[in-house]
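Next come the chains, spelled out residue by residue.
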Amino acid sequence: MSYELQAVIGAEAVLRMVAAQQPGAVVVPLRQGFALIPMTDELFDSATDGGRGDGLRFSKLPGGFERLLADWSTTGPLGYVEAGYAGGAGTQRAALWAGGELAIGPMFVDVNEPFPAIGSPISQVLAHLGATRRRRDADEFVAVGLDRCRDTEAWLAVDRSVIPDVARSRRRQGHQAPVAGTRRRTVP
């Protein structure tokens, strides 16, 4: 079974503010008040400056996007994360922007390399963002719900019922803003 993720992660309120200014950005709620913006082809195309975005060694970071992440991080800290696994082997890459600059990373774990004792690159970024792991969670990655979907595009189809604590919290707050996967569905 494979797993693939390329996304911006941060506090849901921060990502909603920055996504409103960026064509192709879709905010998907996670647990603990976090959200992600999947790096879809549409977002990639709207965010690129036409240059190569491989200076930080990410596989799907558009050219110039690191400058956009720095700008967005003046609203609140956020991370850019990538993971790719197949058959239990894979890679993780993650970096954190805060206060208008790259604050941590990029961090990498490549194929057949163990995670550092302090956690995977993605879990480290999540911890710096404020994610907390509960006893039943393997790490911050699981604690915020990044294990719910297996690929970047699947996050666009997430239904709020998949992440029950997010749906309950949003209903209690009377939240009506659109979220990914909440389009009206017709039954044949």
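Everything numeric here is computed off the predicted structure, so don't read it as measured data. Position labels on residues start from 1 in each chain and follow its written sequence. Per-residue local features of the predicted model are confined to residues with pLDDT of at least 70, and side-chain atom pairs are confined, for both listing and counting, to 80 or more; whole-chain, interface and lining totals are unaffected and use all residues. Side-chain numbers come from the whole structure's heavy atoms, not from hydrogens or water.

Visitor: Help me get a handle on the environment of Glu 66, residues and values and all.
Guide: Secondary structure counts use DSSP, requiring at least four H or I residues in a row for a helix and at least two E residues in a row for a strand, with both numbered from the N terminus. With respect to the element layout, Glu 66 can be found in helix α3 (residues 65–72). Exposed residues in this analysis have more than 50% of their type's maximum accessible area, buried residues have under 20%, and partly exposed residues fall in between, with area computed by a 1.4 Å probe over protein chains only. The class of Glu 66 is partly exposed, set by a relative accessible area of 26%. Linking Glu 66 and Leu 56, residues ten residues apart in sequence, is a C-alpha distance of 8.6 Å. Filtering out sequence-adjacent residues up to four positions away, Glu 66 remains in contact with Leu 56, Leu 61 and Trp 97. Throughout, a residue-residue contact means that at least one pair of heavy atoms, one from each residue, lies within 4.5 Å.

Visitor: Give a description of the pairing of strand β6 (residues 101–109) that names residues and reports values.
Guide: As judged from the six bridges shared by strand β5 (residues 89–98) and β6, these two strands associate in the antiparallel manner. Within β6, the position partnered with Arg 93 by the bridge is Phe 108. When DSSP finds at least two bridges between two strands, those strands are taken to pair. Where β5 folds back on β6, the antiparallel hairpin that results is connected by two residues, among which Gly 99 adopts a positive phi of roughly 60°.

Visitor: Run through the confidence of the model for the protein, naming residues and quoting values.
Guide: For the protein, per-residue confidence averages 79 on the pLDDT scale, and residues scoring 70 or more make up 79% of the total. Residue range residues 160–188 is modelled with pLDDT below 50. Its contacts to residues more than four positions away, or to other chains, number 37 contacts. pLDDT: the predictor's confidence for each residue, scored from 0 to 100.

Visitor: I'd like to hear about the side chain of Arg 31, residue by residue, with values.
Guide: Positionally, Arg 31 belongs in the loop between β2 (28–29) and β3 (34–38). Among the polar contacts listed, one links the side chain of Arg 31 to the backbone oxygen of Val 142, at a separation of 3.0 Å. Contacts described as polar in this section are N or O atom pairs within 3.5 Å, which, within protein, must combine one atom able to donate a hydrogen with one able to accept it, while residues neighboring in sequence count only if both atoms come from side chains.

Visitor: Describe the packing of aromatic side chains, naming the residues involved and giving the relevant values.
Guide: Note on ring pairs: Phe, Tyr and Trp rings are taken, using the six-membered ring of Trp, and paired if centres are within 6.5 Å. Classes follow the plane angle, with under 30 degrees stacked, over 60 edge-to-face and the rest tilted. Scanning the entire structure with this criterion turns up five aromatic pairs. Ring centres of Phe 58 and Tyr 80 lie 5.0 Å apart, and the angle between their planes is 85°; this geometry places the pair in the edge-to-face category. Of the two residues, Phe 58 sits in the loop between α2 (41–47) and α3 while Tyr 80 sits in strand β4 (residues 78–86), which places them 22 residues apart along the sequence. Seen from their ring centres, Phe 58 and Phe 108 are 6.5 Å apart, and the 50° between their planes marks the pair as tilted. Remark: Phe 108 occurs in strand β6 and Phe 58 occurs in the loop between α2 and α3; sequence separation between them is 50 residues. Under the relative-accessibility criterion, Phe 58 is labelled buried at 4%. Feature note: the residues Phe 58, Phe 65, Trp 72, Tyr 80 and Phe 108 constitute an aromatic cluster, connected by ring pairs.

Visitor: Mind laying out the environment of Gly 84, listing which residues take part and the relevant values?
Guide: If you trace the backbone, Gly 84 turns up in strand β4. Residues within four places of Gly 84 in sequence aside, it is in contact with Tyr 3, Ala 89, Gly 90 and Thr 91.

Visitor: Please give an account of the pairing of β5 that cites residues and values.
Guide: Across the ten residues that make up β5, a large majority, seven, are buried. Where β4 folds back on β5, the antiparallel hairpin that results is connected by two residues, among which Gly 87 adopts a positive phi of roughly 60°.

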